[in-house]
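# Structural overview for review
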Amino acid sequence: MSAPAPSMFSAAARAAADRLGLTMGRANLEAFADTVLELARDDRRIMAVTSDSRGSGKLGPFGQALPDQIVEVGIAEQNLVGIAAGLAACGKKPFATSPACFLAARALEQVKNDVCYSDVPAVLVGISAGVSYGALGSTHHSLHDFAALRAIHNLTIAAPADNAETRAAVRAAAAASKPVYLRFGKAAMFDLPAGDGGPFVFGRARRLRDGRDAAILATGETAIHALLAAEHLAEQGIACRVESVHTVKPLDVEAVLAAGRDCGAVLTVEEHSVHGGLGEACAAVLLQAGVHVPFAIAGLPDADTVTGSQSDIFRHYGITMEGLADRIVTLVSHGRQR
Amino acid sequence: MTDRDLARKSIEYRRDTVRAIMRAGAGHTGGSLSCIDILNILYNRVLRITPANWSDPVRDRYVQSKGHSVEALYVVLADRGFFPKESLDTLCHYRSPFIGHPTRKVPGIEMNTGGLGHGLPICVGMAIAAKRDGHDVRVVTLLGDGELAEGSNWEAAMAAAHHRLDNLTAIVDHNALQITGPTRDVCNNEPLDAKFAAFGWDVRRVNGHDLAALERVLTHRGPAGVPVCVIADTVKGRGVSFMENVLKWHHGVPSAEEFSRAEAEFERQLAAWEAAP
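Calculation rules
Residues numbered from 1 in each chain as written. Chains lettered and ligands numbered in written order. Predicted model: local features only at pLDDT ≥ 70, side-chain atom pairs only at ≥ 80, totals over all residues. Heavy atoms only, no water. Buried < 20%, exposed > 50% of the residue type's maximum accessible area, 1.4 Å probe, protein only. Helix = DSSP H or I, 4+ residues; strand = E, 2+ residues; numbered from the N terminus. Arc of directions from axis to C-beta. Contact = heavy atoms within 4.5 Å. Salt bridge = Lys/Arg side-chain N within 4 Å of Asp/Glu carboxyl O.

## Structural notes on helix α11 (residues 278–288) of chain A
Residue and element names in this part refer to chain A.
- Where α11 is concerned, the buried positions are L278, G279, A281, C282, V285 and L286. Axial view of α11: buried residues confined to an arc of 165 degrees, hence all on one face. Along α11, exposed side chains directed more than 90 degrees from the buried face belong to L287 and Q288.
- Where the residues of α11 are buried, they touch α7 (145–150), β10 (214–218), α10 (253–262), β13 (266–273) and β14 (295–300).
- Just beyond α11, the residue with positive phi is G290, at close to 75 degrees.

Quick look at the structure:
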């Protein structure tokens, strides 16, 4: 008896997107699958490794086009990552693809030992990440993956914001000689502005907009909401910097410090628990550098996650244009009272 | 090397392993001694892995899943020329790459292991890579019997048969003892041969201290498309009378006095070897 899920973009948010000239792209997951197939056609080392996840990973066409370059392991995430490590140790470039919730927890020891500690160039692809599987409940949510994986040495952790960042991240991961974790949602994404130019590089945030009243540091598919919030706030005379912090580790320390030094407040945004993710990483950078600035972390609270679709959950916790704009107004006013 | 010389190697490997553990003040004595004969046959008769072909992608692969028995592997690799024997004097020392579990910082080690239940999935990946590349490469892993309680082994066992990995061999060092006690009392995994057979493997049983039998079973390729499981019945602490089947030697470290007694036993074994035809 479920009603159609309301969009996570209100009419006002869609109007803001129109003003910015943004158009709706596809799911980042689809951009990932297309890109990895395109790369694998020219590079036999590239393999897709799936745990009964080729459908959800949009890798059906990959399997049909390149049957010698896909490995199916069944519903067995530990095996998925162990096998990927073995393939990588023998010169292959595996993209081990599984829902982020399982990949980052059930196979955590394989990620730690077989991939990162053994230092083999496997790519771990967490699909349908965050609360993409909203109504399926917490078993299927990955609000812990950044936290779990950030504590593991030798792993690049990236959550691209849009299709263009996704394509670039997949190419960068394919070229990397070190382990990489990529995180993708399954909802269609707006294409974001090209930003300040320059090639996509892991560990270098992409500035989508500039302003000095506040900075919003957003990772993954929350970046669009940050950008819309900045557009919304501009009408109220609050100018925001927006950074797409696609790489959670290694963090773009310079961009984080610049946000704290240049702007009147800093808000971080992530589709993740407020514990152990982008927000706490940024807080640690700012505090240890002696940068004191009104600061808040927007994410999923340490609580039983509310039930509903991804859109419902985003709106409930204020990971929307309106919700983030409210957080900024509060932060900026606190800053002015100081 | 003659078969006769091979037998001498096992005695020397055992002596050097116990000495290295005694000097380091740390190590897994019992499990190292149970797998020495297996490693002897693998590195001297079966595997095409030498310092000369170490960077060749078409080399065989060995992953020691029971990583805690690394001291035995170090001794064998040193003997095979991967690094000087004196390197083992730094075992477990500050900043030494020779730590208590295998790492790729040591020449001759393929993968970092130590957490149990990891070697077999990794080897499934390696065997698939060799198959897809059309490389004639054998992939071998050494499992402890206690570690078979880790479910990841059975995920990998299922996948190995499904992917028809006849280039993969899993050897179980079946010494029947783990840190808490006899494996059958801790969490019984018998009958192991029937379990692997049910998962679609070609299962062989061998006395893990009979070098000739080990060589026969490890050089004989199995049916096409079927991975091979060798259950090697072994004795934990093998070769030192007071260590055999005694639980405390799982990670017991011999004192200087205990080492002297063990060394005297090895000397007698070498003398018997000299006297034998």
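Continuing now.
## Digging into the pattern of salt bridges
- Enumeration over the complete set of coordinates arrives at 38 salt bridges over all chains.
- A salt bridge links B:D89 to B:R23; the nearest nitrogen and oxygen atoms lie 3.4 Å apart. Of this pair, B:D89 sits in the loop between α3 (70–79) and α4 (119–133) while B:R23 is found in helix α1 (residues 3–24), placing the two residues 66 residues apart along the sequence.
- Through salt bridges with shared partners, one network takes in A:R207, A:D210, A:R241, A:E243 and A:D262.

## Quick word on unusual backbone geometry
- Omega for the bond connecting A:K249 with A:P250 falls within 30 degrees of zero, at 0 degrees, which places this linkage in the cis form.
- Along the polypeptide, A:P250 turns up in the loop between β12 (247–249) and α10.
- The omega angle of the peptide bond from B:E190 to B:P191 is -5 degrees, so this bond is cis rather than trans.
- Position of B:P191 among the secondary structure elements: in the loop between α6 (183–187) and α7 (192–198).

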